Amino acid sequence: MKIGFIGLGMMGAGMASNLQKAGHDLVVHDLTRQAASRHLAAGATWADSPRDLAEACNIVFTSLPTPADVQAVGTGPNGLIEGFRSGAAWFDLSTNAVDVVRSLHTTFAGKNIDFLDAPVSGGPKGANSGRLAIWVGGDETVFDKYRSVLSAMGDQAVYIGLIGAGSIAKLVHNASSAAVNVVLSEVFTLGIKAGVEPLALFAAVRQGASGRNRMFDRLADHFLTGSYDPADFALRLLHKDVSLACQLGREVQVPMRLTNLALQELTEALNRGWGARDSRVGSLLQQERAGVPPIAVAPEKIKAVLAADEK
């Protein structure tokens, strides 16, 4: 099957490569040809514009940073809408605004083109390995038709509901993650400043009721090591996602007190110039406020704590 793929960044590159490994022919496009170098070397064809790509494919995937980028690729000059044939399908893998995906769905339905929102979760590691959730909203028959293609990119490709459902699931996921990060930073700086060594505190709470559900394990990668570069998921992207979640809360009149507090924390971190650092870098703000010295536990010591549960 000839598949179009636009957006070969940290997430898109891995997903596109997995489509190639599954035997699909790719037509690719990005802002620069260099971004597609590994896919072109593996046999992909370059398209000079989204329109050219759509003319060559009946199914297209996009993985783009912002809703505005998705709209521009879809309906802007030389956009997908100018190239698609009737009956084509477009799956947007980006984290998008619910109102934007619903609007695009309506616009493309008028051209007999299926638009589905299909945001992903699993980070760059998951995008490369295929251990990736893909949450799809839209026409279920179209999802079923291309399920095998989606499964080539992610081991958890799931139909969620009507158009926008996938985006709602993704915003719920990322907003809850941001809020939990703020709470964990707060309570751990409490424990550390009160006198408990960081690794000992981590090892202890992991054996409690919440800890046995691995609530605290997210602290291992960045908070305890004090390393926020390179990013697993950039701060600027999480800030965008949580902003969209708060926007959705206003639209459906759901109070989002804690999520808005998390957004404030992300905004403060963004204003420090940390947009390209890992999204959990805001933990440094709490450490500053608490007067806690920089936390820097050796990774091998953290691994030893984690490995102890596997014995």
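Residues numbered from 1 in each chain as written. Predicted model: local features only at pLDDT ≥ 70, side-chain atom pairs only at ≥ 80, totals over all residues. Heavy atoms only, no water.

A. Region of the structure containing the packing of aromatic side chains. In the structure shown here, the tally under the stated rule is nine aromatic pairs. Grouped by ring-pair contacts, the aromatic residues Phe5, Phe61, Phe91 and Tyr146 constitute a single cluster. Lying across the ring of Trp274, Arg277 places its NZ or CZ 5.8 Å from the centre. (Phe/Tyr/Trp six-rings, centres within 6.5 Å; stacked < 30°, edge-to-face > 60°. Lys NZ or Arg CZ within 6 Å of the ring centre and 35° of its normal.)

B. Summary view of the environment of Thr75. Note on placement: Thr75 falls in helix α4 (residues 67-75). For Thr75, the residues in contact, after removing those within four places along its chain, are Ile81, Leu104, Thr107 and Phe108. (Helix = DSSP H or I, 4+ residues; strand = E, 2+ residues; numbered from the N terminus. Contact = heavy atoms within 4.5 Å.)

C. Looking closely at the nonpolar core. Core analysis: the largest hydrophobic core is formed by 31 residues, its most contacted members being Phe188, Phe202, Leu219, Phe223, Leu224, Val242 and Ile302. Looking at this core, the elements that each hand over two or more residues are α9 (165-193), α10 (198-205), α11 (235-251), α12 (257-271), α13 (283-290) and α14 (299-308). Here this core gets five residues from one element, more than from any other, and that element is α9. Counting residues in each nonpolar core, the second largest holds 30 residues, with Leu8, Leu132, Ile134 and Met153 among its members. (Core = buried A, V, L, I, M, F, W, Y, C linked by side-chain atoms within 4.5 Å. Buried < 20%, exposed > 50% of the residue type's maximum accessible area, 1.4 Å probe, protein only.)

D. Broad picture of the pattern of salt bridges. Scanning all chains against the criterion turns up twelve salt bridges. We note a salt bridge from Arg51 to Glu82, for which the minimum N-O separation is 3.4 Å. Taken together, the residues Arg51 in helix α3 (residues 50-56) and Glu82 in the loop between α4 and β5 (89-92) connect sequence positions 31 residues apart. Between Glu268 and Arg289 there is a salt bridge; the shortest N-O distance is 3.8 Å. With a gap of 21 residues between them, Glu268 in helix α12 and Arg289 in helix α13 connect regions that are remote in the sequence. (Salt bridge = Lys/Arg side-chain N within 4 Å of Asp/Glu carboxyl O.)

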